[in-house]
Amino acid sequence: MKRRLSRALGPIIVFGLFIGCWYWVAYSLHNNFSPASGKPMIIPPPHRLFEDFHGAVRERIFTALLISTRTAITGLAISALVGVILGIVMSQAKWIERSLWPHLIALQVTPIIAIVPLMVRLIGANFTARVLVTVIISIFPIVSNTLFGIQSIHPSLHDLFRLQNCSRWVTLRKLQLPAASPSIFTGLRVSAGLAVIGAIVGDFFFTKGDPGLGQLITFFFLNNLSGPMFITALFATGLGLMLFLGFGALNRIVIGRWHESVTR
Amino acid sequence: MTQLIKINNASLQFADGTVAISDTSLQVEQGEFVAIVGPSGCGKSTLLRLASGLISPTSGTVERSASVQYVFQDSTLLPWRTVKKNVALNLELQKIDPAEIERRTNSAIDLVGLSDSANKLPRQLSGGMKMRVSLARSLACEPQLFLFDEPFAALDEFTRERLNLELRTILQTHNSGSLFVTHSIAEAVFLSHRVLIMSPRPGTIARSVDIPFSTDRSQELRYSAEFAEICGDIASSLRGMAHR
């Protein structure tokens, strides 16, 4: 108990400092209007953040959160499926890995905004486009971690399976996938955060269809509603955090029993 | 006597031109325990990989007429499987009837004295226990030929000697043959009917030493004058190679 408390102390102090800085900026920045003037503040102090969080504003935020969550989770699911399959395929032969790797790197380093106009023309500024952006942003860590996980398997374990004349499929199911699962989960956790970024960034580019958190932030910004804008950003952070923690919990359930990274 | 494996004039050259094994022949018969000793890097493990079929010789032949189990230098356990599930692995991969797997797995775990740890995970075991699990996994397959690649090299002396004795006792009841690679002369002499001395660059068998002790061996044998004499003889052969 005491140890837990002392471990929590660091993050609590840093959080306190962060809130302190927030107040200081809110009240001392000279172009951040004071509450006395009655005008909206660009940066509202923390305790006034939720003043406008009711009625239509709250409803809009919740709706947008739901839509962004749907985009992020759909994109992440596609990334996970395609990413793991790509990682597995690349691990099966050196020539496949060599053939695909440069293109994955290219996809990873392409600024997403550079291909947005193309996507608008091809598929329109809709849900599909947003999901596609999410996939492009979040797929790389899953592919590379799956590949790395399979390639890190000790050679004698592969020999063990070869000596029993196992098919590729059996080796994949009984050795490669379970052995790579800690690494795949690491990739999924990184990608979960990226998927939320993807969903919100996609929202900024593609303005048609149901507005997600990204579009709502733009809306609040244009209407000088700083408080709701902040809350929307907070919810976006919360969404990323939920997905990150969710995969952490799943990780613990699936591999926690045997893998050192979790038990230590 | 049935011949389990016969390697005839096998050579192995790597793609870079290095000759790892040169014109090497050996055979193991049913019930026979043959050890291979040699300086590190002389190709002992490579010879064993040739014997197992994991690699093929560039010339010469390897004839196996027996079911084979390979025991690796590290325990090669799957960390997500319990002791019992690890022991059952090879049988499972051979698609054997589940009831039969259950029976053979339990008896192999009994044989290596791990009944109390059957449901533990590898990370909860000591190095010696892990090696026992690895041994049990091979024993459960009831092969006609065991190939051992320095299985006890990573263990402390005390555990190693105890496992040597246990292995001897277990194998006595089987009628299987064994090819055992080690760099411990005492281990080779204690376990074997015959010790093959390998010389390096290129790897080949330089000498074969018959071990005259009866099959019934106890720990005391290690401290007998005759045991020391044989070990000394093998050691001087190996020293000769190092000076060449």
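For the structure itself, consult the block above.
Below, the structure is looked at part by part. Owing to the predicted nature of the structure, the values given are computational and were not obtained by experimental measurement. (Residues numbered from 1 in each chain as written. Chains lettered and ligands numbered in written order. Predicted model: local features only at pLDDT ≥ 70, side-chain atom pairs only at ≥ 80, totals over all residues. Heavy atoms only, no water.)

## With respect to the overall build of chain A
So, step 1. Counting its secondary structure elements, chain A contains 10 helices and zero strands.
So, step 2. The linear arrangement of helices and strands in chain A, starting from the amino end, is α-α-α-α-α-α-α-α-α-α.
So, step 3. With respect to the three principal axes, the spread of C-alpha positions in chain A is 80 × 60 × 30 Å.
So, step 4. With 264 residues in all, chain A has 42% of them scored as buried.
So, step 5. Sequence separation of 24 or more characterises 70% of the internal contacts of chain A that already satisfy a separation of 6 or more.
So, step 6. Summed over all atoms, the accessible surface of chain A reaches about 15000 Å², with 70% contributed by carbon and sulfur.
So, step 7. In chain A, 22 positive and 8 negative side-chain charges are present, and the distance between their average locations comes to 8 Å. (Helix = DSSP H or I, 4+ residues; strand = E, 2+ residues; numbered from the N terminus. Buried < 20%, exposed > 50% of the residue type's maximum accessible area, 1.4 Å probe, protein only. Contact = heavy atoms within 4.5 Å. Areas by Shrake-Rupley, 256 points an atom, 1.4 Å probe, with all protein chains shown as cover. Lys, Arg positive; Asp, Glu negative; His and termini not counted. Charge placed at Lys NZ, Arg CZ, Asp CG, Glu CD.)

## Quick notes on the pairing of strand S1 (residues 3–13) of chain B
So, step 1. Pairing of S1(B) with strand S2 (residues 19–29) of chain B, which is carried by seven bridges, proceeds in the antiparallel orientation. Bridging from a neighbouring strand, B:Lys6 pairs with B:Gln27 of S2(B). (Pairing = 2+ DSSP bridges.)

## A short note on the packing of helix H3 (residues 94–109) of chain A against helix H5 (residues 127–151) of chain A
Residues and elements named next belong to chain A.
So, step 1. It is the contact of H3 with H5, at a shortest axis distance of 10 Å, that shows an interaxial angle of 150°. Taken together, the axes of H3 and H5 lie roughly antiparallel to each other. For the crossing formed where H3 meets H5, the hand is left-handed. For the pair H3 and H5, the contacting residues are Lys-94, Glu-97, Trp-101, Leu-104, Ile-105, Leu-107 and Gln-108 in the first and Ile-136, Ile-139, Phe-140, Val-143, Ser-144, Leu-147 and Gln-151 in the second. (Axes fitted to C-alpha atoms, helices over the stretch in contact; angles between N-to-C directions. Parallel < 35°, antiparallel > 145°, perpendicular 65-115°, else oblique. Left-handed = near helix turned anticlockwise from the far one by under 90°.)

## Some points on the interface of chain B and chain A
Where interface size is quoted, it is often the accessible area lost as the parts come together.
So, step 1. At the interface, 21 residues of chain B touch 18 residues of chain A.
So, step 2. Of the roughly 1800 Å² buried between chain B and chain A on both sides combined, carbon and sulfur atoms contribute 64%.
So, step 3. Seen at the junction of chain B and chain A, the total is two salt bridges.
So, step 4. When the shortest N-O distance is used, the salt bridge between A:Asp159 and B:Arg49 registers 2.8 Å.
So, step 5. Taken together, the connections running from chain B to chain A amount to six residue pairs in polar contact (both at pLDDT 80 or more). (Buried area = accessible area lost by both parts, 1.4 Å probe. Salt bridge = Lys/Arg side-chain N within 4 Å of Asp/Glu carboxyl O. Polar contact = N/O pair within 3.5 Å; in protein donor to acceptor, adjacent residues only side chain to side chain.)

## Section: the sheet that holds strand S4 (residues 59–64) of chain B
Residue and element names in this part refer to chain B.
So, step 1. In spatial order, the strands read S2-S1-S4; together these three strands make up an open sheet with antiparallel pairing. Whereas interior strands pair on both sides, the edge strands pair on one side only; in this sheet they are S2 and S4. Neighbour-to-neighbour, the strand axes of the sheet open up by a mean angle of 15°, direction not taken into account.
So, step 2. Strand contacts of helix H1 (residues 44–52): S1, S2 and S4, with the helix running at about 60° to S2, the strand carrying the most contacts.

## Some details on the sheet that holds strand S8 (residues 194–199) of chain B
Strands belonging to one sheet form pairs held by backbone hydrogen bonds; the direction of such a pair is parallel or antiparallel.
Residues and elements named next belong to chain B.
So, step 1. Pairing is mixed across the open sheet formed by six strands, whose spatial order is S5-S6-S7-S3-S8-S9. Each edge of the open sheet carries a strand with a single partner, namely strand S5 (68–71) and strand S9 (204–210). Taken over all neighbouring pairs, the strand axes of this sheet differ in orientation by 20° on average, direction set aside.
So, step 2. Across the sheet, helix H4 (residues 127–140) lies against S5 and strand S6 (145–149), angled at about 175° from S5, the strand it touches most.

## Description of the nonpolar core
Taken as a class, soluble globular proteins show a tendency for nonpolar side chains to be buried jointly.
So, step 1. Grouped together as the largest cluster of nonpolar side chains are 71 residues, with contacts concentrated most on A:Phe161, B:Leu26, B:Ile36, B:Leu47 and B:Leu179.
So, step 2. For this core, the element with the most residues is helix H7 (residues 168–205) of chain A, which contributes 12 residues.
So, step 3. For this core, the two domains that each supply at least three residues are domain 1 (3–67 + 145–243) and domain 2 (77–142) of chain B.
So, step 4. Residues within four places of B:Ile36 in sequence aside, it is in contact with B:Leu26, B:Lys44, B:Leu47, B:Leu179, B:Phe180, B:Val181, B:Thr182, B:Leu196 and B:Met198.
So, step 5. Ranked by size, the runner-up nonpolar core spans 50 residues in total, among them B:Ala108, B:Leu167, B:Phe190 and B:Val195. (Core = buried A, V, L, I, M, F, W, Y, C linked by side-chain atoms within 4.5 Å. Domains from an automatic or database assignment.)

## Concerning the packing of aromatic side chains
So, step 1. On inspection of all chains with the given rule, the structure shows 12 aromatic pairs over all chains.
So, step 2. Taking 6.3 Å as the distance between ring centres and 20° as the angle between the ring planes, the aromatic pair formed by B:Phe33 and B:Phe148 counts as stacked. Residue B:Phe33 is located in strand S3 (residues 33–37), and its partner B:Phe148 is located in strand S6; the two are separated by 115 residues in the primary sequence. B:Phe148 shares its class with B:Phe33; the two are buried.
So, step 3. Judged by centre distance (5.5 Å) and plane angle (15°), the rings of B:Phe146 and B:Phe148 are stacked.
So, step 4. Using a relative accessible area of 1% as the deciding quantity, one classes B:Phe148 as buried.
So, step 5. Through a chain of ring-to-ring contacts, the aromatic side chains of B:Phe33, B:Phe146, B:Phe148, B:Phe152 and B:Phe180 assemble into a single cluster.
So, step 6. Sitting over the ring of A:Phe219, A:Arg60 keeps its end group 4.0 Å from the ring centre.
So, step 7. A:Arg189 extends its terminal NZ or CZ atom over the ring of A:Phe244, reaching a point 5.1 Å from the ring centre. (Phe/Tyr/Trp six-rings, centres within 6.5 Å; stacked < 30°, edge-to-face > 60°. Lys NZ or Arg CZ within 6 Å of the ring centre and 35° of its normal.)

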